[in-house]
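The residues making up each chain are set out below.
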Amino acid sequence: MPNKGDTGKSYHLKCTGDALRTAEAHSEQSDLTLFGGCFCPFVQRVWVALEYFGIDYHVHEVDPYKKPSELLEVSPKGLVPALKFNGLEKPRSLNESVVILEYLEEYVSQSSRRKKGSLLPPISDPYARALVRLQADHVNRNLVPAFYRYLQAQDTEKQIEGGKEFVSAIEGLVKLFERAAAETDTDVGLWKEDGKLSLADAMAGPWLFRATNVLPHYRGFMMPEGAKFRAYIDRLVNYPAFRRTCSTEGLYLESYERYAYNRPNTSQVANAINSGRGLP
Ligand SMILES: N[C@@H](CCC(=O)N[C@@H](CS)C(=O)NCC(=O)O)C(=O)O
C-alpha cells in the first residue's frame, strides 16, 4: 500500500490476523480482563506477557479516545492497557503497561501452577535483573519518545533529525544488550540466539515491530544494518507469544496515519510529544 498522503483514515477498533484469532480464543469471561485497543503498542506489551505466561484472561477491546465509563473505572486517565480483576468482593484493577508487566512477573513467580517462564533473570541474580531493567528504562526514556517524535515530524529536516534520534535509541539499546551478554549469564533476553523473552523485549517489541511497517511506510525508514541486530528483530517479531498479538499490516498503517500527519488532538501521547512534555 503506497503512501498517498493524509487520506483521513482513522484507527481500527478490532484486531485482524493472528491477533484476532488470539482475541477470539480469549473472548470468554475470566478472572482477568485486559482492556485493550488493537493498534496500541502499550497494550501489546501486556498482551505479549499474558500470552507468554499462559495466564487465563479475557480481551475486551475499547475505544480509548472515547473513554467509556467502564475504562475510566479501571484507568483514571482513560488510557489502555488496563487490567481488571473479576470476581473479587471489592473492585480491583491496574493500569500503566510497565506496572502491569511487573505485576504479572511477580504474580507468575508466586504461583508455580502457572509458571511458564520469567521476564527477568532469577531473583538470585539481582545484577542480571538490574541490567534487564536498564534496558527497559532506556526503552521508555529514549526509544518510545523517539519513535513518536520521528513519526510526528512534518518538515524534512525534522524528519531526518527524528530518524537519527530513533536509530541512536536503537543503538543505545543494542549496547545495553551487549553489555548484559558480556557481564551476565542468563537465558532471559532474545538478544541471545536461544534466549527467552525478557521484560525489555516485551517493552521494546511493539515499537520495533512498528519500525518494520509503519516507519518504512510513512518515513522511508530502514532498520539499521548488522546481521546480529537483524536476527534479533526477526526472533522478536516471530516469537510465538509476540506473533499471536500482531494484527495485519494494513491495520497499523491506517491506525497510524493520524500520527504521521500529526493531526491535531490525535492522542495524549501525540499532544505530549508536540508540547515537549513527558509521555502520559
Ligand atoms: N503510560 C501508559 C500509556 C498508554 C497509552 O498512551 N495508551 C494510548 C493508546 S496507544 C491511549 O490509551 N490513548 C488514549 C488517549 O490518548 O486519550 C502505559 O504505559 O500504559
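Residues numbered from 1 in each chain as written. Predicted model: local features only at pLDDT ≥ 70, side-chain atom pairs only at ≥ 80, totals over all residues. Heavy atoms only, no water.

- The chain is annotated in an unreviewed UniProt entry as GST N-terminal domain-containing protein of Phanerochaete carnosa.

## A closer look at the pairing of strand E2 (residues 58-61)
Here's step 1: One ladder, built from 4 bridges, connects strand E1 (residues 32-36) with E2; its direction is parallel. Pairing of Thr-33 across the sheet is with His-58, part of E2.
Here's step 2: Crossover E1 to E2 through helix H2 (residues 41-53) is right-handed. (Pairing = 2+ DSSP bridges. Helix = DSSP H or I, 4+ residues; strand = E, 2+ residues; numbered from the N terminus. Right-handed = clockwise from strand over helix to strand, strands pointing away.)

## Points about the UniProt feature "domain: GST C-terminal" (unreviewed entry) in the chain
Here's step 1: The feature "domain: GST C-terminal" (unreviewed entry), as annotated in UniProt, sits at residues 125-268 in this numbering.
Here's step 2: Segment residues 125-268 splits into 70% helix and 0% strand. End C-alpha atoms: 38 Å apart. (UniProt positions renumbered as here; feature names shortened; annotations may be inferred.)

## Things to note about the pattern of salt bridges
Here's step 1: For the coordinates displayed, the defined rule picks out 13 salt bridges.
Here's step 2: A salt bridge links Lys-196 to Asp-187, with the shortest nitrogen-to-oxygen separation between them at 3.1 Å.
Here's step 3: Residue classification places Asp-187 among the partly exposed positions, given a relative accessible area of 38%.
Here's step 4: The partner of Arg-263 in a salt bridge is Glu-257, with the nearest N and O atoms 2.9 Å apart. (Salt bridge = Lys/Arg side-chain N within 4 Å of Asp/Glu carboxyl O. Buried < 20%, exposed > 50% of the residue type's maximum accessible area, 1.4 Å probe, protein only.)

## Describing the packing of aromatic side chains
Here's step 1: Taken as a whole, this structure holds 22 aromatic pairs when the rule is applied.
Here's step 2: Ring centres 5.5 Å apart and planes at 45° place the aromatic pair Tyr-148 and Tyr-259 in the tilted group. Of this pair, Tyr-148 sits in helix H5 (residues 126-152) while Tyr-259 is found in helix H12 (residues 257-260), placing the two residues 111 residues apart along the sequence.
Here's step 3: The class of Tyr-259 is buried, set by a relative accessible area of 5%.
Here's step 4: Summarising the aromatic geometry, the rings of Phe-177 and Trp-191 are spaced 5.4 Å apart at their centres and angled 25° between planes, so their arrangement reads as stacked. One end of the pair, Phe-177, is in helix H6 (residues 156-183); the other, Trp-191, is in the loop between H6 and helix H7 (199-210), and 14 residues separate them in sequence. Both residues of the pair, Phe-177 and Trp-191, count as buried.
Here's step 5: An aromatic cluster of three or more residues is present, and its members are Phe-147, Tyr-148, Tyr-150, Phe-166, Phe-221, Tyr-256 and Tyr-259. (Phe/Tyr/Trp six-rings, centres within 6.5 Å; stacked < 30°, edge-to-face > 60°.)

## Concerning H2
Here's step 1: Given a rise of 1.5 Å per residue, 13 residues ought to cover 18 Å, and the 19 Å separating the end C-alpha atoms of H2 matches this to within 8%.
Here's step 2: Most of H2 is tucked away, with 13 of its 13 residues classed as buried.
Here's step 3: Note on H2: the residue one or two positions beyond its end, Gly-54, has a positive phi of about 70°. (Expected span 1.5 Å × (residues − 1).)

## Brief notes about the site of the ligand
Here's step 1: Taken together, the neighbourhood of the ligand is formed by 15 residues, with Cys-40, Lys-67, Ser-97, Gln-268 and Pro-280 sitting nearest.
Here's step 2: Glu-96 is positioned such that a nitrogen or oxygen atom in its side chain is 2.8 Å from a nitrogen atom of the ligand.
Here's step 3: Here Pro-280 contributes a backbone N or O atom positioned 2.7 Å from a nitrogen atom of the ligand.
Here's step 4: Look at the ligand: alone it shows 520 Å² of surface, and the protein chains cover 95% of it.
Here's step 5: Counting residues per element, the ones that place at least two in the shell around the ligand are H2 and helix H13 (268-274).
Here's step 6: Considering only residue class, the shell around the ligand consists of 10 nonpolar, 3 polar and 2 charged.
Here's step 7: Two domains each put at least three residues into the shell around the ligand: domain 1 (17-114) and domain 2 (126-274). (Near = heavy atom within 4 Å. Polar contact = N/O pair within 3.5 Å; in protein donor to acceptor, adjacent residues only side chain to side chain. Areas by Shrake-Rupley, 256 points an atom, 1.4 Å probe, with all protein chains shown as cover. Nonpolar A, V, L, I, M, F, W, Y, C, P; charged D, E, K, R; others polar. Domains from an automatic or database assignment.)

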